[in-house]
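So you can see what is in the structure, the chains are spelled out below.
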Amino acid sequence: MTKQEYLKILLVEDSLVSQTVVFKQLKKLGYEANVAANGQEALWMRSQGKYDLILLDCQMPILDGYETAQRIRQLEGDARQTILIAMTANGMKANRERCIKVGMDDYLLKPVREEELAAKLENWIEVIIKNKQAIASSSASSSIDLTSKIIPVDSSANPDESSVNDWVDLNRLDDITLGDLKLRNEILQAFLEDTKVNLSSIKSATFSKNFEAIEHKAHQIRGASANVGVNKLKNLADRLELQSQQKNFKEVTQLVIQIENHFQKIQSFLFEIIDWERVEGETPVLLHANRSGGTQLGSTSKILIIDDDPSVRLVVKNSLQLLGHEVIVAANGEEGLKKAKQLHPHLIICDWMMPVINGLEVCRQVKSDPELSLAFFILLTIRGDVKDRVEGLDTGADEYLPKPIDMSELRARVGAGLRLQRLTQELSEANQALRQANQQLTARNELLESLSLTDQLTGLLNRRAMDQALPHMLRQVGNRDANTRYRYLCVFLIDVDHFKRVNDTYGHTVGDCVLQAIAGRLQSNARPSSLLYRYGGEEFVCITLGLNLHNGLEYGESLRSCIAECPFKISNDLLLPITISIGGAIASAVNLVDSQDLLHQADRALYRAKHEGRNCLRMFSSWENIVEMGHA
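Since the model is a prediction, treat every value here as computed from it, not as a measurement.

Colleague: Explain the packing of helix H18 (residues 499–506) against helix H19 (residues 508–525) to me, please; I cannot follow it from the model alone.
Modeller: Between two packed helices, both the angle of their axes relative to each other and the distance between the axes serve to describe the pair. At their nearest, the axes of H18 and H19 sit 7 Å apart, and the two run at 140 degrees to each other. It follows that H18 is oblique to H19 by the angle criterion. Residues Phe 499, Val 502, Asn 503 and Tyr 506 of H18 lie in contact with H19, whose contacting residues are His 508, Val 510, Gly 511, Val 514 and Leu 515. Here the residues of the contact of H18 with H19 are counted per class, giving 6 nonpolar, 3 polar and no charged.

See below:
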């Protein structure tokens, strides 16, 4: 293991530009680091894992570097092991003494230069290694004094007194970007976006005379300007920070106007640099890359970026647009969900830590929405522990990307995510087509089943349907208990009188019309709980649950009379009087029979009705044999 791999570093910086610069410098030097955006996040990350060295920006929101250092030393107690290095733009002796007083071991002057950062780390890594060896050794008599290695800095040198008249220090940009034009563009764009937002906040704070907010935002502008080599803007922001501390409203107002005017000029100048580099450096590479890479310009995908940091939105958006994707941005979770529901993106990149609705809740809502659930979801966060990744993935996120974002890794993960999303979409569409085919097949099977149980001429259920249903209904009849629901079941066997004479006289076509008309009239007059079947030929069956003998006689008579009382109009020239004979039987606790016996009893009653002149109802009774009702 190399010395660089041995050292576990935490970078604590609230400015995205400064984060990117220092993180890239560490990576170039061979070091790996985690990143926190403020002191509160740093304390949380330290509680999740030990760090050998922490680089602390002094001026941060929520919890600044001084307070963070004090809390870390309080948590360590006498076992002082973590090296704390302050990063500050203030090189005055008083500030150095303040850093040491709160527990810092060393400090770096902003803007951080690579050679100075390398020297500090090389100086402390030997101490850390020796200290770890001393702690591990049971024979060690005392721990190594970490504070003895602080390298004094000449306090007479005041970096703020230097004056540079150039718009931007291009040498500085080359230094922090290692000559990478694309990375330079990303940093400049992030700088412009962050400065614009910070300047807007300063103007709002000036109206309300919120000097604390002005000081904080001025400090952010000063640090970002120094990092990208915009020195005049850095000097103006430095003066604004000082005047805010002194609450000098007149000077603050004048400096805000100067900064705004200068920023407009520097913005135009930097845009010219960015535009020139796009034309001269990036466009030719883009055409070849898209033809050989995994993402084609002709296969544009829709990507939604949700992040409250404008620099992140801008950098990620531009990087993905260069790959030919359609990119939409949202500044918070609420706006992101609204745009997701409107535009249905293929892939969503969402920050974890956001106000109002955080990334986890956005992910939950996206994955629970059937119209959005197939979108590939990438969660952005500074949290690097395994349990945090598990929490994000358990919420439904498909991928996890740490901050600060490595653009090469982002493009690779987006490409892989879009490929997986397309495959998932194709699989979903195939499954949907299969479900539709199954539904059609089910509908056809149900139709076939219905046709097998339906009489095609009359539309009534057929004898096969009755043979299946009647045994089941009979099992529900008897003395009411847990196993039975009805005390009676009434069956009517209905026969059309002299139907052969109709067929012989008028033909089978007229006969079919008569059967259809009879079926329709029976249905119109039957009880809602009755089931009508065509039993065969000119015979019908009516089954009704819950009818005793008395009610059965009345119901059967109503069916007989609805047929007999009104002739059937077959055509304008043909009006046929038709009558029916009905035989009924009732299953009950005293007549518990199977379906075959019950139909046989009804058939005996029907035979009696036909024998006694037709157009009448006869009911079978086990104790009175045949009960008469109706007209001969």
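Resuming the write-up.
Colleague: I'm lost on the nonpolar core in this one. Help?
Modeller: A general tendency of soluble globular proteins is for nonpolar side chains to be buried together. Counting residues in each nonpolar core, the largest one holds 32 residues, and the members touching the most others are Phe 492, Ile 518, Leu 522, Phe 540 and Ile 578. Contributions of two or more residues to this core are made by strand E12 (489–496), H18, H19, strand E14 (539–545), helix H20 (549–564), strand E16 (574–576), strand E17 (580–587) and strand E18 (616–621). At 6 residues, H19 tops the list of elements feeding residues into this core. Other than its neighbours up to four places away in sequence, Leu 522 contacts Ile 494, Leu 532, Phe 540, Leu 559, Cys 562 and Ile 563. Grouped together as the second largest cluster of nonpolar side chains are 28 residues, Val 168, Ile 187, Leu 199 and Leu 270 included.

Colleague: Whenever I open this one, the sheet that holds strand E4 (residues 83–88) confuses me. Can you help?
Modeller: One key point about sheets: their strands pair by backbone hydrogen bonds, in either a parallel or an antiparallel sense. Pairing is parallel across the open sheet formed by 5 strands, whose spatial order is E2-E1-E3-E4-E5. Both edges of this open sheet fall to strand E2 (33–36) and strand E5 (106–109), since each of them pairs with a single strand only. In this sheet, adjacent strand axes meet at a mean angle of 20 degrees when their direction is disregarded. As judged from the 4 bridges shared by strand E1 (residues 9–12) and strand E3 (residues 53–57), these two strands associate in the parallel manner. Its bridge partner being in E3, Val 12 is matched across the sheet by Leu 56. Strands in contact with helix H3 (residues 39–48) are E1 and E2; relative to E2, the strand with the most contacts, it is inclined by about 135 degrees.

Colleague: What is the right way to look at helix H17 (residues 463–474) in this model?
Modeller: It helps to recall that an α-helix has 3.6 residues per turn; residues three or four apart then point in one direction. Its 12 residues place the ends of H17 16 Å apart at the C-alpha level, agreeing with the 16 Å of an ideal helix rising 1.5 Å per residue. Buried residues of H17: Ala 465, Met 466, Leu 470, Met 473 and Leu 474, and no others. In an axial view of H17, the angular spread of the buried residues amounts to 130 degrees, which keeps them on one side of the axis. Near the N-terminus of H17, the side chain that reaches the backbone nitrogen of Arg 464, with its oxygen 3.2 Å away, is that of Asn 462.

Colleague: Teacher, can you tell me more about a nonpolar patch on the surface here?
Modeller: Taken together, the side chains of Leu 447, Leu 448 and Leu 451 present a nonpolar region at the surface, about 300 Å² in accessible area. Looking at where Leu 448 falls in the secondary structure, it is placed in helix H16 (residues 407–452).

Colleague: Hey, could you run me through the packing of H17 against helix H21 (residues 595–611) in this one?
Modeller: Contact pair H17 / H21: the axes reach a minimum separation of 9 Å and the direction vectors enclose 100 degrees. Looking at the two axes, H17 sits roughly perpendicular to H21. Of the residues in H21, those in contact with Met 466, Leu 470, Pro 471 and Leu 474 of H17 are Ser 595, Leu 598 and Leu 599.

Colleague: Honestly, the confidence of the model for the protein chain in this entry has me stumped. Any pointers?
Modeller: It should be kept in mind that the predicted coordinates are not to be read in detail where pLDDT is low. Across the protein chain, pLDDT averages 81, with 84% of residues at or above 70. Considering only residues more than four positions removed or in separate chains, one finds that residues 138–165, a stretch of pLDDT under 50, has 39 contacts. Every residue in residues 275–298 scores below 50 in pLDDT, and together they form 26 contacts with partners more than four places removed in sequence or on other chains.

Colleague: Where do I start with the sheet that holds strand E8 (residues 347–351) in this structure?
Modeller: Spatially, 5 strands are ordered E7-E6-E8-E9-E10 in an open sheet, and the strand pairing comes out parallel. The outermost strands of the open sheet, each flanked by one partner alone, are strand E7 (326–330) and strand E10 (399–402). Across the sheet, the axes of successive neighbouring strands diverge by a mean angle of 20 degrees, strand direction being ignored. As judged from the 5 bridges shared by strand E6 (residues 302–306) and E7, these two strands associate in the parallel manner. Bridge pairing in E7 links Lys 302 to Glu 326.

Colleague: Can you walk me through the packing of aromatic side chains in this structure?
Modeller: Each aromatic ring pair is described using two quantities: the centre-to-centre distance and the angle formed by the ring planes. Enumeration over the complete set of coordinates arrives at 1 aromatic pair. Ring geometry for Phe 492 and Tyr 555: centres 5.9 Å apart, planes at 55 degrees, overall tilted. Within this pair, whereas Phe 492 is found in strand E12, its partner Tyr 555 is found in helix H20, the two being separated by 63 residues in sequence. What makes Phe 492 buried here is its relative accessible area of 0%. Exposure remark for Tyr 555: the relative accessible area of 5% places this residue in the buried category.

Colleague: Looking at this model, I keep getting lost on the environment of Asn 548. Mind explaining?
Modeller: With respect to the helices, strands and loops of the structure, Asn 548 is situated in the loop between E14 and H20. Those residues in contact with Asn 548 that sit more than four places away from it in its chain are Tyr 488 and Ile 586. Within the structure, the side chain of Asn 548 is placed 3.4 Å from the backbone nitrogen of His 550, a separation counted as a polar contact. Within the structure, Asn 548 has its side chain in polar contact with the backbone nitrogen of Asn 551 (distance 2.9 Å).

Colleague: Explanation requested: helix H5 (residues 93–101) in the structure shown.
Modeller: Those residues of H5 not exposed but buried are Asn 95, Arg 96 and Cys 99. Buried residues of H5, viewed axially, fall in a sector of 105 degrees; they line one side. For H5, the exposed residues set more than 90 degrees away from the buried face come down to Ala 94 and Lys 101. Where H5 terminates, the next one or two residues include Gly 103, which has phi positive at roughly 115 degrees.

Colleague: Help me out: how do you make sense of unusual backbone geometry in this one?
Modeller: Among all residues except glycine, the phi angle is most often negative; among peptide bonds, the trans geometry is most common. At the junction of Lys 110 and Pro 111, the peptide bond is cis and its omega measures out at 0 degrees in the coordinates. Of note, Lys 209 is a non-glycine position whose phi angle comes to about 55 degrees, a positive value. Looking at the element boundaries, Lys 209 is found in the loop between helix H8 (181–207) and helix H9 (211–228). Unlike most non-glycine residues, Lys 247 shows phi in positive territory, near 55 degrees. Relative to the assigned elements, Lys 247 resides in the loop between helix H10 (231–245) and helix H11 (249–292). Assessed through its relative accessible area of 56%, Lys 247 is described here as exposed.

Colleague: Looking at this model, I keep getting lost on the pairing of E3. Mind explaining?
Modeller: Along any regular strand, the residues point their side chains to alternate faces of the sheet. Taking burial as the measure, the 5 residues of E3 include 5 buried ones, the bulk of the element. Alternating residues of E3 divide into Leu 53, Leu 55 and Asp 57 and Ile 54 and Leu 56, and every residue in both groups is buried. Here E3 runs beside E4; their pairing, made up of 5 bridges, is parallel. By the bridge assignment, Leu 55 is partnered in E4 with Ile 85. Between E3 and its parallel partner E4, the chain crosses via helix H4 (residues 65–76), and the hand of that crossover is right-handed.

Colleague: How should I be thinking about the side chain of Glu 76 in this particular structure?
Modeller: Of note, Glu 76 is situated in helix H4. Given a relative accessible area of 12%, Glu 76 falls into the buried group.

About the thresholds
Residues numbered from 1 in each chain as written. Predicted model: local features only at pLDDT ≥ 70, side-chain atom pairs only at ≥ 80, totals over all residues. Heavy atoms only, no water. Axes fitted to C-alpha atoms, helices over the stretch in contact; angles between N-to-C directions. Helix = DSSP H or I, 4+ residues; strand = E, 2+ residues; numbered from the N terminus. Parallel < 35°, antiparallel > 145°, perpendicular 65-115°, else oblique. Contact = heavy atoms within 4.5 Å. Nonpolar A, V, L, I, M, F, W, Y, C, P; charged D, E, K, R; others polar. Core = buried A, V, L, I, M, F, W, Y, C linked by side-chain atoms within 4.5 Å. Buried < 20%, exposed > 50% of the residue type's maximum accessible area, 1.4 Å probe, protein only. Pairing = 2+ DSSP bridges. Expected span 1.5 Å × (residues − 1). Arc of directions from axis to C-beta. Polar contact = N/O pair within 3.5 Å; in protein donor to acceptor, adjacent residues only side chain to side chain. Patch = residues over 30% accessible without salt bridge, like charges linked within 9 Å, V, L, I, M, F, W, Y side chains within 5 Å. Areas by Shrake-Rupley, 256 points an atom, 1.4 Å probe, with all protein chains shown as cover. Salt bridge = Lys/Arg side-chain N within 4 Å of Asp/Glu carboxyl O. pLDDT = per-residue confidence, 0-100. Phe/Tyr/Trp six-rings, centres within 6.5 Å; stacked < 30°, edge-to-face > 60°. Right-handed = clockwise from strand over helix to strand, strands pointing away.

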